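# Structural characterization, general
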Amino acid sequence: MAPLNESARVPVLSQARRLVIKIGSALLVDARSGALKSDWLAALALDVAEAKARGTDVVLVSSGSIALGRRVLGLPAGTLTLEQSQAAAAVGQIRLARAYEEVLAPHGITAAQVLVTLDDTSDRRRYLNTRATMETLLSLGAVPIVNENDTVATDEIRYGDNDRLAAQVAITIGADQLALLSDVDGLYTGNPHSDPSARRLDVVAAITPEIEAMAGDPVSGLSKGGMKTKVMAARTATGGGCAMVIAAGSPLRPLTAVAQGAPCTWFLPQDDPQVARKRWIAAMKEKGRIRVDAGAAAALRQGKSLLPAGVTAVEGTFGRGDPVAILGPDGAMLARGLVRYTDDEARAIQGRRSDALAEVLGYPGRGALVHRDDMVV
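Within any chain, residue numbers begin from 1 and follow the written order of that chain's sequence. In keeping with the predicted nature of the model, local features appear solely for residues at pLDDT of at least 70, side-chain atom pairs appear and are counted solely at 80 or more, and the whole-chain, interface and lining totals rest on all residues. For side-chain calculations, the full set of non-hydrogen atoms in the structure is used, while hydrogens and water are omitted.

Next up on the list: the overall build of the protein. Numbering goes from the N terminus for both helices and strands, where a helix is a DSSP run of H or I of at least four residues and a strand is a run of E of at least two. The number of helices and strands found in the protein is 14 helices and 15 strands. The globule rule used here is 2.2 Å times the number of residues to the 0.38 power, and the radius of gyration it is set against is calculated over C-alpha atoms. Here the protein has a C-alpha radius of gyration of 22 Å; the compact-globule value for 377 residues is 21 Å, and the two agree. Overall size of the protein, expressed as C-alpha extent along the three principal axes, is 70 × 50 × 40 Å. Buried residues in the protein amount to 51% of all 377 residues. Here, two residues are considered to be in contact whenever any of their heavy atoms come within 4.5 Å of each other. Partitioning the intrachain contacts of the protein with sequence separation of at least 6 by distance along the chain shows that 72% fall at a separation of at least 24. Within the structure as shown, the protein displays about 16700 Å² of accessible surface, and the carbon and sulfur contribution to it stands at 51%. Here the protein contributes 42 positive and 41 negative side-chain charges, whose respective centroids are spaced 2 Å apart. A simple rule labels every residue: compare its accessible area, found with a 1.4 Å probe on the protein chains alone, to the largest value its type can have, and call it buried under 20%, exposed over 50%, or partly exposed in between. Where accessible areas are quoted, they stem from the Shrake-Rupley method and a 1.4 Å probe; at the residue level, only the protein chains shown are allowed to cover. Only four residue types enter the tally: Lys and Arg on the positive side, Asp and Glu on the negative side; His and the chain ends are excluded. One atom stands in for each charge, and that atom is NZ of Lys, CZ of Arg, CG of Asp or CD of Glu.

Looking now at the layout of surface pockets. Empty space among the atoms can be located by rolling a probe the size of a water molecule over them. Size it by volume and the second largest pocket reaches roughly 240 Å³. Here the term cavity refers to a set of points on a 1 Å grid, laid over the protein atoms alone, in which a 1.4 Å probe fits but cannot get out; the term pocket refers to an open set having protein on both sides within 12 Å along at least five of seven lines, with lining residues being those that place an atom within 4 Å of a point. Contributing to the lining of the second largest pocket are 16 residues, with Tyr127, Gln168, Ile171, Arg277 and Trp280 lying nearest its centre. Of all the secondary structure elements, the ones that give two or more residues to the lining of the second largest pocket are helix H5 (118-122), helix H6 (124-139), helix H7 (162-172) and helix H11 (273-282). With four residues, H11 is the largest single contributor of residues to the lining of the second largest pocket. Grid points are joined across faces, edges and corners, and a volume is the space filled by probe spheres set on the points.

Of all hydrophobic cores here, the largest spans 37 residues; its most connected members are Ile21, Ile23, Val48 and Leu60. With seven residues, helix H2 (residues 38-53) is the single largest residue contributor to this core. Beyond its immediate sequence surroundings of up to four residues, Ile23 is in contact with Leu28, Trp40, Leu44, Leu60, Val61, Ser62, Ser63, Tyr100 and Leu181. Throughout this description, the term nonpolar core refers to a set of buried Ala, Val, Leu, Ile, Met, Phe, Trp, Tyr and Cys residues connected via side-chain atoms within 4.5 Å. One finds Val61, Ile207, Val231 and Cys242 within the second-largest nonpolar core, a separate group that totals 36 residues.

In structure tokens form, the structure reads like this:
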């Protein structure tokens, strides 16, 4: 978890280990012209570069593809049909990705495009695929640019706003901080535009019914999320051990502004992200059992992943991403985790060395049967 300022219990943005930044359409795209705000984006890239230089992993969850694409296609102002939105996204996503690539490249940073839908984080198999891809990108020093896959998503499989998508991404990758850059500088006790007595909350320690009642639902011209979606995002993020801040995104270098004390609202995490994830895994009911030898059992107790070579038996029927129990040579429960192979694949590779998996499976397999990050010992 990111260090806290002991006097105010406020997380220190500059000391985040892994930071997710959500950027709304209104910050990126001029509402009147539909053009990209290039100067603002270049300034944000400076903040990202500084964070990377400090050793922080950075992920950007960015809106803007539909707003950019509709201008190119000459679509009318106002609400678009689903098909028009998807067409605009298909055109705009190329331009959005290129814009991030161009502003990050001068800092020696590689941009990567990751498009997801609600299904990708609600389905355990897709969730594991997304997590593995993001972890690999971050380990290689890239900055993933995440957006909802509007081109293929229908209403039934949409997040609908990138506030909640950003919170889910933060939980998926075990981020310790999430920054929602917005057209408002935090959560107020009332609508500051109509209530002169409304005051901004600097810190929210817990999301109570009273806090939820404070969230109105103003929507800007381009953005789909209001304060309600931000509080919903905060509930998801903080419940998974991730601190979240709502801050004004319009100033140049908005992250620097927050670090220097600009007005904002911090939502405090309820737990460490890794502890929260382990608790989630521990609560799952296993769909199968994997028995291991003494060597593998010792390795698991030392915090290592379960490799196929140490497996002696596979029981039950399960798919990739399903929870399984891991038993020692004496049959006692050692761990519970999310398996990376189906039961048939696990049986085929049990007892095999990692360098032999491709020959057995017919394709390059993942080294671990159950990775230590997806396991509770």
